[in-house]
Amino acid sequence: MTLSKETLISWYKKMLHTRFFEAQVDAFFAKGMIHGTTHLSIGQEAFAIGSTAALHADDLITSTHRGHGECIGKDADLNRMMAELMGKSNGYCKGKGGSMHIADLEKGNLGANGVVGGGFAIAVGAALTQQMKKTGKVVLCFFGDGASNEGSFHEALNLASIWKLPVVFMCTNNHYGMSMSVARSTAVANIADRAASYEMPGITVDGNDPIKVYEATLAAVERARSGEGPSIVEGITYRWLGHSKSDANRYRTKEEIEAWKDRCPIKAFEKYLIKNNVISQQESDEITAGAKDDIARAVEFAQQGSYPGIETLEEDVYA
Ligand SMILES: Cc1ncc(C[n+]2csc(CCOP(=O)(O)OP(=O)(O)O)c2C)c(N)n1
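What counts and what doesn't
- Residues numbered from 1 in each chain as written.
- Predicted model: local features only at pLDDT ≥ 70, side-chain atom pairs only at ≥ 80, totals over all residues.
- Heavy atoms only, no water.
- Helix = DSSP H or I, 4+ residues; strand = E, 2+ residues; numbered from the N terminus.
- Rg over C-alpha atoms; globule rule 2.2 N^0.38 Å.
- Buried < 20%, exposed > 50% of the residue type's maximum accessible area, 1.4 Å probe, protein only.
- Contact = heavy atoms within 4.5 Å.
- Areas by Shrake-Rupley, 256 points an atom, 1.4 Å probe, with all protein chains shown as cover.
- Near = heavy atom within 4 Å.
- Polar contact = N/O pair within 3.5 Å; in protein donor to acceptor, adjacent residues only side chain to side chain.
- Nonpolar A, V, L, I, M, F, W, Y, C, P; charged D, E, K, R; others polar.
- Pairing = 2+ DSSP bridges.
- Right-handed = clockwise from strand over helix to strand, strands pointing away.
- UniProt positions renumbered as here; feature names shortened; annotations may be inferred.
- Lys, Arg positive; Asp, Glu negative; His and termini not counted.
- Salt bridge = Lys/Arg side-chain N within 4 Å of Asp/Glu carboxyl O.
- Axes fitted to C-alpha atoms, helices over the stretch in contact; angles between N-to-C directions.
- Phe/Tyr/Trp six-rings, centres within 6.5 Å; stacked < 30°, edge-to-face > 60°.
- Lys NZ or Arg CZ within 6 Å of the ring centre and 35° of its normal.

Enquirer: I keep staring at the overall build of the protein and nothing clicks. Help me out?
Expert: In terms of regular secondary structure, the protein is built from 11 helices and seven strands. The globule rule puts the C-alpha radius of gyration for 319 residues at 20 Å, and the 19 Å found for the protein is close to it. Looking at the protein as a whole, 52% of its 319 residues qualify as buried. Taking contacts inside the protein between residues at least 6 apart in sequence as the whole, the part at least 24 apart equals 73%. A total of about 14600 Å² of accessible surface is found on the protein, and carbon and sulfur atoms cover 53% of it.

Enquirer: Quick question: what am I supposed to make of the site of the ligand here?
Expert: Around the ligand, 15 residues are found, and the nearest of them are His65, Arg66, Gly146, Ala147 and Tyr176. Take arginine 66: an N or O atom from its side chain is 2.8 Å from an oxygen atom of the ligand. At 3.0 Å, a side-chain N or O of asparagine 174 approaches an oxygen atom of the ligand. Among the residues making up the shell around the ligand, the classes are represented as five nonpolar, seven polar and three charged.

Enquirer: What is the right way to read unusual backbone geometry from this model?
Expert: Peptide bonds are, in most cases, trans, and in most cases residues other than glycine have a negative phi. Positive phi outside glycine occurs at histidine 175, with the angle close to 80°. Residue position: histidine 175 is located in the loop between β3 (167-173) and β4 (176-177). Note on histidine 175: relative accessible area 23%, which makes it partly exposed. Positive phi values are uncommon outside glycine, yet asparagine 249 reaches one of about 60°. Assessed through its relative accessible area of 24%, asparagine 249 is described here as partly exposed.

Enquirer: Whenever I open this one, the pairing of β3 confuses me. Can you help?
Expert: Regular strands show a simple pattern: their side chains alternate between the two faces of the sheet. Counting buried positions over the seven residues of β3 gives seven, a clear majority of the element. Inspection of the sheet shows strand β2 (residues 139-144) paired to β3 by six bridges, in the parallel sense. The partner of valine 139 across the bridge, within β3, is valine 167. Tracing the backbone out of β2, into helix α6 (residues 151-162) and back to the parallel element β3 gives a crossover that is right-handed.

Enquirer: I tried to follow the UniProt feature "domain: Dehydrogenase E1 component" (unreviewed entry) in the protein on my own but got confused; where do I start?
Expert: UniProt records the feature "domain: Dehydrogenase E1 component" (unreviewed entry) for residues 13-309 in the present numbering. Measuring from the first to the last C-alpha atom of residues 13-309 gives 35 Å, for a span that is 44% helix and 10% strand.

Enquirer: I'm lost on the side chain of aspartate 104 in this one. Help?
Expert: Residue position: aspartate 104 is located in the loop between α4 (78-85) and α5 (119-133). Of the side chains with opposite charge, lysine 107 comes closest to the buried, unpaired aspartate 104, at an N-O distance of 4.2 Å.

Enquirer: Could you clarify how one ought to interpret the sheet that holds strand β1 (residues 60-62) in this entry?
Expert: Hydrogen bonds between backbone groups are what pair the strands of a sheet, and the pairing can be parallel or antiparallel. Spatially, β1-β2-β3-β7-β6 is the arrangement adopted by the five strands of the open sheet, whose pairing is parallel. In this open sheet, the two edge strands, each paired with only one partner strand, are β1 and β6 (202-206). Going from strand to strand, the sheet's axes swing by 20° on average, the running direction of each strand aside. With respect to the sheet, helix α2 (residues 45-52) is in contact with β1, β2, β3 and β7 (231-236), its orientation differing from that of β2 by roughly 170°.

Enquirer: What exactly am I supposed to notice about the packing of aromatic side chains here?
Expert: Two aromatic rings are characterised by how far apart their centres lie and by the angle between their planes. Summed over the entire model, instances satisfying the criterion amount to 11 aromatic pairs. Aromatic side chains tyrosine 238 and tryptophan 260 sit 5.3 Å apart centroid to centroid with 5° between the ring planes, which places their arrangement in the stacked category. On the criterion of sequence distance, the pair formed by tyrosine 238 in the loop between β7 and α9 (254-261) and tryptophan 260 in helix α9 is long-range, its members being 22 residues apart. The exposure classification of tyrosine 238 matches that of tryptophan 260, with both residues buried. Through a chain of ring-to-ring contacts, three or more aromatic side chains come together here, namely Phe120, Phe143, Phe153 and Phe169. Between the NZ or CZ atom of arginine 19 and the centre of the ring of tryptophan 240, over which it lies, the distance is 4.6 Å. Its end group placed over the ring of tyrosine 176, arginine 252 keeps NZ or CZ at 5.8 Å from the ring centre.

Here's what the structure looks like:
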């Protein structure tokens, strides 16, 4: 598959944006400048960016509690993302949602979701809408290995299969659901093996390689778009940091974490781009510096925003 230089560079930039956005968020949490909690996806960038690259601009996604990369993959505005995490009224949810509630309907992002497995029914419903209205749009439904043990996963896959809905189930397999390893919690070796129960294709790929992720997702997206129905695409990857801000990390070894850090998806992709003469080391350094600047601008934008006033407490809240 030939991918243009521009395409590959745009992926590299989005992976860097995700990494630097989250590193900044982590630093702000440490300083007490962001409240609540957040779930960082450092180490998982290739799966989020490679997969969303297979979509058209008006296709749809549902995201998870660890969804910053998926938002960035779907072209979210970094400024509004940062403002949202900092609780400012110029953020995506006017500062009232935080990390787990970023949605961007204009860009086709139906929303991150703090409920594990909460995206399945939304994605299937959205896919049914696309089928009934014949829009030709496809939905990518992101979820974790842990979420595949939720009842909603099985209901959604069954319905999507019998109705041949244009949805692709995207499993970010980072090996753990909080402190529970996938090996201890899950009866099958790969989450994609579960596709067989629902008569759909299931493929497991190296989730740290954006090109492999892109190719697998594109095949599944094309299948969905042509009316042949859903698939599972599973990416094997790893989250470097704790589950959330309150994770003491006692369930895995330092050696395991270090071994995955050695497989950094961003470093590996940089190496690939330089080796294949897509960019030089100098260009890579410039792209990296540019991505850092973009995050600095997002911080500036967020800092200029105001906190929502108490009089807005009941606005935009549905019950
Ligand atoms: C319905 C529900 N059950 C439990 C939780 C608490 N919880 C938050 S994240 C998480 C683990 C999810 O693991 P996985 O789906 O593998 O995603 P990951 O965190 O690895 O990205 C749990 C149990 C929740 N938010 N919602």
